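Coordinate analysis (summary)
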Amino acid sequence: MDQMIREKVKLVKKGDQSAFEDLVSFYQNKIYQHCYRMLGNAHEAEDIAQEAFIRAYVNIHSFDDKRKFSSWLYRIATNLSIDRLRKRKPDYFLDAEVKGTDGLDMYSQLQSEETPIVEEVESNELQRYIHKEILQLPSKYRSIIILRYLEEFSLKEISEILDIPIGTVKTRIHRGREALRKRLRHV
């Protein structure tokens, strides 16, 4: 598979657009999922994934053939996702007090639904909750946790994607897990 990707990259560098279409077809779902996990928003993930492929195409001549194309592409997508997160306006939180009220928060606006909880629903709810907590981590830990535990990249691949030493990857994984553990301690 890696050899096929290398051949496609060589063809793209020679100007073959259909070879790039093949690369996009191969990676589009993976890159979209990665962006979605980073951003937590489908529309933003689509935009960032598309921008990542555009940047990869425009800058394909700067790609080092000695490295993995997937690592380079994931690095582009990760950096674009982090940039988008930095530019986001702050969200409104349910525990924030509603202006003009005497201590009411957004929780008071939610309907109370008391339905029997099935194990599968609990599991899905827990996964969503953990994902929300991952999204609250600082971006340097969020990207590491997502790449390692959701995307299942090796330490070496993460090092290449983020362009940081493996020792730094290990440190950030440890610190990211600790930060996530603190956020999840009440679960």
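It should be noted that the structure appears before, not after, this text.
Residues numbered from 1 in each chain as written. Predicted model: local features only at pLDDT ≥ 70, side-chain atom pairs only at ≥ 80, totals over all residues. Heavy atoms only, no water.

A short note on the pattern of salt bridges
Put simply, the test is: We define a salt bridge as a contact between a side-chain nitrogen of Lys or Arg and a carboxyl oxygen of Asp or Glu at a distance within 4 Å. Per the convention used, a helix needs a DSSP run of H or I reaching at least four residues, while a strand needs a run of E reaching at least two, with both numbered from the N terminus. When a residue's accessible area, from a 1.4 Å probe over protein chains only, is under 20% of the maximum for its type it is buried; when over 50% it is exposed; and in between it is partly exposed.
Considering all chains together, one arrives at 11 salt bridges under this definition. Where K8 meets D22, a salt bridge forms, and the shortest distance between an N and an O atom there is 2.6 Å. One end of the pair, K8, is in helix α1 (residues 2–13); the other, D22, is in helix α2 (residues 17–39), with 14 residues separating them in the sequence. Here E133 makes a salt bridge to R183, at a shortest N to O gap of 2.6 Å. Remark: R183 occurs in helix α8 (residues 166–183) and E133 occurs in helix α5 (residues 119–136); sequence separation between them is 50 residues. The buried category is assigned to E133, whose relative accessible area is 11%. On the basis of relative accessibility, which here comes to 32%, the residue R183 falls in the partly exposed class.

Some details on the packing of aromatic side chains
Short version of the rule: Only centres within 6.5 Å qualify two rings of Phe, Tyr or Trp (six-membered ring in Trp) as a pair; their planes then separate them into stacked at under 30 degrees, edge-to-face at over 60, and tilted for everything else.
Here the structure, examined in full by the defined rule, presents eight aromatic pairs. The interplanar angle of 90° and the centroid separation of 4.8 Å between the aromatic rings of F26 and Y27 together place this pair among those described as edge-to-face. The exposure class assigned to F26 is partly exposed, which follows from its relative accessible area of 30%. Given the relative accessible area of 6%, Y27 is considered buried. Between F63 and W72, the aromatic rings sit 5.2 Å apart at their centres with planes inclined by 50°, giving tilted as the arrangement.

Thoughts on the nonpolar core
Put simply, the rule is: Buried residues of nine kinds, namely Ala, Val, Leu, Ile, Met, Phe, Trp, Tyr and Cys, make up a nonpolar core once their side-chain atoms join them within 4.5 Å.
L23, Y27, I31 and F69 are the most contacted members of the largest nonpolar core, which totals 45 residues. For this core, the secondary-structure elements that each account for two or more residues are α1, α2, α3 (42–58), α4 (69–87), α6 (139–150), α7 (155–162) and α8.

Some remarks on unusual backbone geometry
Of note, the phi angle at E152 is positive, near 60°, even though the residue is not glycine. Positive phi, close to 55°, is recorded for D163, a residue that is not glycine. Secondary-structure assignment places D163 in the loop between α7 and α8. Judged by relative accessible area, D163 falls into the exposed class, the value being 52%.

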